Amino acid sequence: MSDCLPLTSHFIDGQFLPAHSGRTFDKRSPLDNHLMGRVAEGGREDVDAAVNAARRALHGPWGRMTVDQRVAMLHAVADGITKRFDEFVAAEEADTGQPRHVISHAFVPRGAANFKIFADLIKNVPAESFQMDTPDGAGALNYAIRKPKGVIGVISPWNAPFLLMTWKVGPAMACGNTVVVKPSEETPATATLLGEVMNAVGVPPGVYNVVHGHGPDAAGEFLTRHDGVDGITFTGETRTGTAIMKAAAEGIRDVSFELGGKNAGIVFADCRFDDAVEGIFRSAFMNTGQVCLGTERVYVERPIFDRFVAALKARCEAVRYGRPGDAGANYGPLISHEHQAKVLSYYAKAVAEGATVVTGGGVPAMPRDLAEGAWVQPTIWTGLPETAAVVREEIFGPCCHIRPFDSEEVVVALANANRYGLSTTIWTENLRRAHRMAAAVEVGITWVNSWFLRDLRTPFGGSKQSGIGREGGAHSLEFYTELRNVCIKL
Ligand code: NAD
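Throughout what follows, the structure given in this document is the object of discussion. (Residues numbered from 1 in each chain as written. Predicted model: local features only at pLDDT ≥ 70, side-chain atom pairs only at ≥ 80, totals over all residues. Heavy atoms only, no water.)

1. Remarks on the site of the ligand
Put simply, the rule reads: Note on terminology: near, applied to a residue and a molecule or strand, indicates that one of the residue's heavy atoms is within 4 Å of it. Whenever two N or O atoms come within 3.5 Å, that pair is a polar contact, provided that in protein one can donate a hydrogen and the other can accept it, and provided that, for residues adjacent in sequence, both atoms are side-chain atoms. Here, Shrake-Rupley sampling with a 1.4 Å probe gives the accessible areas, and only protein chains in the shown set may cover a residue. Strands are runs of DSSP state E lasting at least two residues, helices are runs of H or I lasting at least four, and both sets are numbered from the N terminus onward. Three residue categories are used. Nonpolar comprises Ala, Val, Leu, Ile, Met, Phe, Trp, Tyr, Cys and Pro, charged comprises Asp, Glu, Lys and Arg, and polar comprises the others, including Gly. As annotated, the domain borders come from an automatic or database domain assignment.
Around the ligand lies a shell of 31 residues, among which Lys182, Glu185, Thr240, Leu259 and Glu394 are the nearest. For the ligand, an oxygen atom lies 2.9 Å from a polar atom in the side chain of tryptophan 158. Contact distances for the ligand include 2.7 Å between an oxygen atom and a side-chain N or O atom of glutamate 185. Taken by itself the ligand offers 840 Å² of open surface, and the protein chains cover 93% of this. Only helix H8 (219-225), strand E11 (231-235) and helix H9 (238-250) provide two or more residues apiece to the shell around the ligand. Broken down by element, the residue count for the shell around the ligand peaks at three residues, all from H9. Taken together, the residues of the shell around the ligand sort by class into 14 nonpolar, 11 polar and six charged. Each of domain 1 (7-259 + 466-489) and domain 2 (263-455) accounts for three or more of the residues forming the shell around the ligand.

Written out as C-alpha cells, the structure reads:
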C-alpha cells in the first residue's frame, strides 16, 4: 500500500491476511467523515481460503474436542473479550460513532455473554429417545443425536456489529461448527479483533474466520453461494434476505434469517406515563434509531395523545449530539452518508405526503469538527395515513410517526397491517389487556412496559417478512445442529 493508514485484515486459518487480490476499500468515520483506514476487500479466493480452512478445522482438533473442552474454550473467549473490553469498545465506537454508554453497557458485554450462555447451554442438552414395539416382539430403541451442521456462513449488519455477530458465532461454535463471518463493510473492526482473542486463548486455526468486503457480487454473495458452506445465518434487510435465500437455494443450504422491522409501540391511557415516554423514546431513538427492534410507528390512546406527543418532543429536543466519549453526549450520527441520504429522503417524503413535523426533520447544526459527519435530527411526525411511505416502510433512522387510537381492536388491526412482524412494545397497567394484546399482535417478540430486555435463553426472531426461524437458547440448536436418528433393534 502506498499510504500508512491501518489495514483491517481478513482472519483466515488463524492468520491475519490482506486480500488475495491486494484490493482494499476505505473506512470513514461516521462522526466527521475522516478516512480511518483501509479494509481488505474479499474476493472469491479469500472466501475459498476461509471456507476450506473452516472445513479442515471441522475434522481437526476442534472436531475431536469433548463438549467440556469446547465449553472451556468458549468461556476463555468470553474472558478474553472482557480482558480487552476497552479495545472492543473503542473499535466499535470508531466504526459506529455511537455513545460510549450504549456500547459499553449493552453491546460489548452482550458479545462476551453470547459465548458464555451458549457454552453453558450445550452442556445440558437433553437427548430424545423412544422405545418401540417391533412386529416380532423384540422391540427397538430409537434415539436422536445432535451433530454440528458443518461450516456456517455468518453475514452480519452494522447497527450493533459485535453483539449481532457474536450472537451467531457463539452458538455456532458451541454446537461444534466452524464459521466464516462476513461482517458489514461499514463495521469491520471488532470481527478482526475477535480473531486476536481466538488465537490468544488457543481456538484452533480455521474454527473462526473473517472475510471482509461487500455484499452483492462480492464476498457476501460468494459466501452464500459457496459449495463448502452448510448453512447461512443472516441478519440484515429483508431485501438482502431474499437475495441470500435465492443463493442458498442453489445448494439446498439451510438459512436462519433475522430481518427488518416496522415495529409498533402501543401506549394505553392507563400506562405509567413517564415510563412510557422514556420507553418509547429509547425504542425509537436509541442508537440513532438504528435498531431492528426499534419503534417507528407509535399508537397512543386518544385521552393522552397530545400530552404524550409533547413529552416525546421535549425528550427529543434534549438530546446531546457528540463524540462517543464527550461528557454528556448521548446521541450519535448515522452509520454513513449513504444511510443519511436514505433517512433524509424519508424526511422529505413525510413532508411531501402531508405530515405535521412535530420536531426535527433535518440535519442539526454541528460544530466545525463534526460538520462532515452523518448527523440527522430525531424526528416525530403526526397526521399521516397508514398508507404513507414513512408509516409503512422501514427507515432505520431516528424517527417515528404517532397516531391516536380509540380501541384495542382498532390498534391491533393497525399494528398488524404491515408486512413486517418483528416486535411490539405495549404500555399499559391492565394485566388482562396486556396478555390479550400480546397474543393478538403478529410479531416474534412483544414487550410489555419494557423494551430491549431479554433473557438470552428465550426464542428470538421475526414473523412475516421479519425473519425465518428462531435463535436463542435451545432454539439455536435447531439451526446450528443436525439431528440424526439411530434405531437399534433389541
Ligand atoms: P444489509 O442487508 O444491507 O447488509 C447486511 C449484511 O449483508 C452486510 O454484511 C452486507 O454486506 C451483506 N450483504 C448485502 N447484500 C448481500 C448479498 N446479496 N449477498 C450476501 N450478503 C449481502 O443490512 P444493513 O443495512 O447492514 O443492516 C440494517 C438492516 O438489518 C435493517 O433492515 C435491520 O432491520 C436489519 N436488522 C435486523 C435484525 C434482527 O434481528 N431482525 C437485527 C439488526 C438489523
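That shown, we press on.
2. Details of helix H10 (residues 273-285)
The line we're drawing: By this rule the span expected of a helix is its residue count minus one, scaled by 1.5 Å. Remark: exposure states derive from per-residue accessible area (1.4 Å probe, protein chains only) relative to the maximum for the residue type, with buried under 20%, exposed over 50%, and partly exposed in between. The criterion used for residue contact is that any of the two residues' heavy atoms lie within 4.5 Å.
Compared with an ideal rise of 1.5 Å per residue, which puts 13 residues at 18 Å, H10 spans 18 Å between its outermost C-alpha atoms and is within 8% of the ideal. Within H10, the full set of buried residues consists of Phe273, Ala276, Val277, Gly279, Ile280, Phe281, Ser283, Ala284 and Phe285. In this structure, the buried residues of H10 make contact with strand E13 (263-267), strand E14 (295-301), helix H11 (305-317), strand E16 (379-382), strand E17 (399-405) and strand E19 (423-427). Downstream of H10 by one or two residues, asparagine 287 has phi in the positive range, about 60°.

3. Regarding the packing of aromatic side chains
Going by this rule: For Phe, Tyr and Trp, rings pair up if their centres lie within 6.5 Å, where Trp contributes its six-membered ring, and each pair is then called stacked (planes under 30 degrees apart), edge-to-face (over 60) or tilted (otherwise). Counting as a charge over the ring demands two things of the Lys NZ or Arg CZ atom: a distance within 6 Å of the ring centre and an angle within 35 degrees of the ring normal.
Tallied over the full model, the rule gives 16 aromatic pairs. When the centroid spacing of 5.9 Å and the interplanar angle of 45° are considered together, the rings of phenylalanine 11 and tyrosine 208 count as tilted. Of this pair, phenylalanine 11 sits in strand E2 (residues 10-12) while tyrosine 208 is found in strand E10 (residues 208-210), placing the two residues 197 residues apart along the sequence. Taking the centre distance of 6.1 Å and the plane angle of 85° together, the rings of phenylalanine 273 and phenylalanine 308 count as edge-to-face. One end of the pair, phenylalanine 273, is in helix H10; the other, phenylalanine 308, is in helix H11, with 35 residues separating them in the sequence. Aromatic ring contacts, followed pair by pair, group Phe11, Phe16 and Tyr208 into a single cluster. Just above the ring of phenylalanine 273 sits the side chain of arginine 307; from NZ or CZ to the centre is 3.7 Å. Its guanidinium or amino end placed over the ring of phenylalanine 281, arginine 315 lies 4.1 Å from that ring's centre, counting from NZ or CZ.

4. Describing the environment of alanine 53
With respect to the helices, strands and loops of the structure, alanine 53 is situated in helix H1 (residues 44-58). Given a relative accessible area of 1%, alanine 53 falls into the buried group. Sequence separation of alanine 53 and asparagine 209 is 156 residues, and the distance between their C-alpha atoms is 8.1 Å. Not counting the four nearest positions on each side in its chain, alanine 53 is found in contact with Ile12, Asp13, Gly206 and Asn209.

5. Overview of the nonpolar core
The condition that has to hold: Here, nonpolar core refers to any group of buried Ala, Val, Leu, Ile, Met, Phe, Trp, Tyr and Cys residues whose side-chain atoms link them within 4.5 Å.
Ranked by internal contacts, the top residues of the largest apolar core, which has 64 residues, are Ile81, Phe115, Leu194 and Tyr208. The two domains that each donate at least three residues to this core are domain 1 (7-259 + 466-489) and domain 2 (263-455). Contacts of isoleucine 81, omitting those with residues within four sequence positions, involve Phe88, Val108, Gly111, Ala112, Phe115, Phe162, Leu194 and Val197. Grouped together as the second largest cluster of nonpolar side chains are 24 residues, Ile304, Val309, Cys316 and Ile402 included.

6. Some details on the pairing of strand E5 (residues 35-40)
Quick reminder of the rule: Pairing between strands requires that DSSP locate at least two bridges from one strand to the other.
Pairing analysis gives two bridges linking strand E1 (residues 7-8) to E5, with the strands arranged parallel. Residue leucine 7 lies in a different strand from E5, and its bridge partner there is arginine 38. Judged from the five bridges that link them, strand E4 (residues 24-28) and E5 form a sheet pairing that is antiparallel. Residue pairing for E5: arginine 28 is matched across the bridge by leucine 35. Hairpin connection of E4 to E5: six residues between the antiparallel strands, including asparagine 33 at a positive phi of 70°.

7. Some words on empty space enclosed by the protein
One water molecule sets the probe size; rolling that probe over the atoms shows where empty space is left. We apply this condition: Cavities and pockets were defined on a 1 Å grid built over protein atoms only: a cavity is a set of grid points that admits a 1.4 Å probe from which the probe cannot escape, a pocket is an open set flanked by protein on both sides within 12 Å along at least five of seven lines, and lining residues are those with an atom within 4 Å of any such point. Grid points are joined across faces, edges and corners, and a volume is the space filled by probe spheres set on the points.
Summed over the entire model, instances satisfying the criterion amount to four cavities of 30 Å³ or more. In this model, the largest cavity occupies a volume close to 70 Å³. Every element with two or more residues in the lining of the largest cavity is listed here: E13, helix H14 (408-416), strand E18 (420-421) and E19. In terms of residue class, the lining of the largest cavity is built from six nonpolar, five polar and four charged. In this model, the second largest cavity occupies a volume close to 60 Å³. Lining the second largest cavity we find Gly261, Lys262, Asn263, Ser283, Ala284, Gly289, Val291, Cys292, Gly294, Thr295, Glu296 and Glu394. Where the lining of the second largest cavity is concerned, the elements lending two or more residues are H10 and E14. Here the residues of the lining of the second largest cavity are counted per class, giving three nonpolar, six polar and three charged.

8. With respect to the pattern of salt bridges
When charged atoms on two side chains of opposite charge get close, those side chains can pair. Our working definition: Whenever Lys or Arg places a side-chain nitrogen within 4 Å of a carboxyl oxygen from Asp or Glu, that contact is recorded as a salt bridge.
Using the criterion set out here, one finds 28 salt bridges in the structure. Arginine 225 is the salt-bridge partner of glutamate 221, the closest N and O atoms lying 2.9 Å from each other. You can see glutamate 221 and its partner arginine 225 sitting in helix H8, four residues apart, about one turn around the helix. Among the residues examined, glutamate 221 registers a relative accessible area of 26% and is labelled partly exposed. Between glutamate 393 and arginine 392 there is a salt bridge, with the nearest N and O atoms lying 3.9 Å from each other. Judged by its relative accessible area of 39%, arginine 392 falls in the partly exposed class. Salt bridges here are not isolated pairs; linked through shared partners, they connect Asp32, Arg323 and Asp369.

9. A closer look at the sheet that holds E1
Spatially, three strands are ordered E1-E5-E4 in an open sheet, and the strand pairing comes out mixed. Here the strands that pair on one side only, and so sit at the sheet edges, are E1 and E4.

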